[in-house]
Amino acid sequence: MSGLRFVAERTGDGAGQPFLDTDNGEELMHIQPGTTVVLGSHPPESPGTLYITTKQVVWLSDTDRSKGYAVDFLSVSLHAVSRDPEAYPHPCLYAQDRFAKSASIWIKL
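An unreviewed UniProt entry lists the protein chain under the name Chloride conductance regulatory protein ICln, with Datura stramonium as the source organism.

If you want it as structure tokens, here you go:
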């Protein structure tokens, strides 16, 4: 378990989806375009696409093809839907990575 990690590799010519560990049964379950990710108190990243697989959650930037993040499900200690404008100004998915220094991950759909 590694917690939140930086990912830049994509399938195809670099504009595709994240690489999956298909040899060990990882499958793509859902794709959500038009998402923004916020790590801790950092400013929001540019819009991207969220990929949910059977093993991890991956966000890849749509504007900067070298930027992306992934977290294994076993590294997520808490997740919820947040609608509290005092916590984050927009409804979003909230997750905590138990291994990261900046443990809060906000995903605006």
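This part covers the nonpolar core. V37, L39, L50, V57, W59, Y69 and V71 form the largest nonpolar core, which has seven residues in total. Elements with a contribution of two residues or more to this core: β2 (28-39), β4 (56-61) and β5 (68-72).

Here the protein chain shows a mean pLDDT of 83. Residues at 70 or above account for 86%. The least confident element of the protein chain is strand β8 (residues 104-108), whose mean pLDDT is 66; the most confident is strand β3 (residues 48-53), at 93.

Glancing now at the environment of T63. Mapped onto the elements of the fold, T63 is located in the loop between β4 and β5. In this structure the C-alpha to C-alpha distance between T63 and P47, which are 16 residues apart in sequence, comes to 7.2 Å. Residues in contact with T63, not counting those within four places in the same chain, are S46 and P47. Engagement of the side chain of T63 in a polar contact is seen with the side chain of S46, the distance being 2.7 Å.

Procedures and definitions
- What you see as residue numbers is a count from 1 along each chain, following the sequence as written.
- Side-chain atom pairs in this predicted model are given and counted only at pLDDT of 80 or more, local residue features only at pLDDT of at least 70, and totals for whole chains, interfaces and linings cover all residues.
- With hydrogens and water excluded, all non-hydrogen atoms of the structure serve as input to the side-chain values.
- The term nonpolar core refers to a set of buried residues drawn from Ala, Val, Leu, Ile, Met, Phe, Trp, Tyr and Cys, joined through side-chain atoms within 4.5 Å.
- Categorising residues by exposure relies on relative accessible area from a 1.4 Å probe, with only protein chains included: less than 20% of the type maximum marks a residue as buried, more than 50% marks it as exposed, and the intermediate range marks it as partly exposed.
- Under the DSSP-based scheme used, a helix requires at least four consecutive residues in state H or I and a strand at least two consecutive residues in state E, with every element numbered from the N terminus.
- pLDDT expresses, on a scale from 0 to 100, how confident the predictor is about each individual residue.
- Here a residue-residue contact requires only that any non-hydrogen atoms of the pair lie within 4.5 Å.
- Polar contacts here mean pairs of N or O atoms no more than 3.5 Å apart (in protein, one a potential hydrogen donor and the other a potential acceptor; neighbouring residues in sequence count only if both atoms are side-chain atoms).

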